[in-house]
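Structural characterization, general
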Amino acid sequence: FVVNVGGQFRAYINSCRHMVTPLDFVRYQFFTEDGSRLMCATHGATYEPDTGLCVEGPCKGLSLHALPVVVERGGIVVGCPAGNLSFLREMAD
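Residues numbered from 1 in each chain as written. Predicted model: local features only at pLDDT ≥ 70, side-chain atom pairs only at ≥ 80, totals over all residues. Heavy atoms only, no water.

The full count for this structure, using the stated rule, is zero disulfides. Here cysteine 40 is not disulfide-linked; the sulfur of cysteine 16 is the nearest cysteine sulfur, at 3.7 Å. Left without a disulfide partner, cysteine 54 is nearest to the cysteine sulfur of cysteine 59, which lies 3.3 Å away. Here cysteine 54 falls in the buried class, since its relative accessible area comes to 2%. (Disulfide = S-S within 2.5 Å. Buried < 20%, exposed > 50% of the residue type's maximum accessible area, 1.4 Å probe, protein only.)

Here it is in structure tokens:
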């Protein structure tokens, strides 16, 4: 999923770091009620939208898996993360 944080786009894999579940248990609702943080609707973990760092909840200190984002010709292009992608395997199980 992609979020706009003060005009900067950030993209993350839609998977809570506590357990492999989408953050938006209620479809497309990623933010807390006040809009200040991303939230896992299943576990209540909250994440900083600009860094993906979990600041409250069972996975405190872990970060969402970020994806590279580029704005090209007025569109948002999200790429694959670089390096070892073995963590994706556990999300598919």
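Turning next to the sheet that holds strand E4 (residues 46-47). Two orientations exist for strands paired in a sheet by backbone hydrogen bonds: parallel and antiparallel. Spatially, three strands are ordered E3-E4-E5 in an open sheet, and the strand pairing comes out antiparallel. The strands lining the two open edges of the sheet, one partner per strand, are strand E3 (38-39) and strand E5 (54-56). Note: E3 against E4, two bridges, orientation antiparallel. Residue pairing across strands places leucine 38 opposite tyrosine 47, the latter belonging to E4. (Pairing = 2+ DSSP bridges. Helix = DSSP H or I, 4+ residues; strand = E, 2+ residues; numbered from the N terminus.)

So, on to the nonpolar core. Judged by nonpolar contacts, the single largest core of 13 residues is most densely connected at Phe1, Cys16, Leu23, Leu38, Ala45, Tyr47 and Leu64. Residues contacting leucine 23, with those up to four places away along its chain left out, are Phe1, Asn14, Ser15, Cys16, Gln29, Phe30, Leu38, Met39, Cys40, Ala41, Tyr47 and Leu64. (Core = buried A, V, L, I, M, F, W, Y, C linked by side-chain atoms within 4.5 Å. Contact = heavy atoms within 4.5 Å.)

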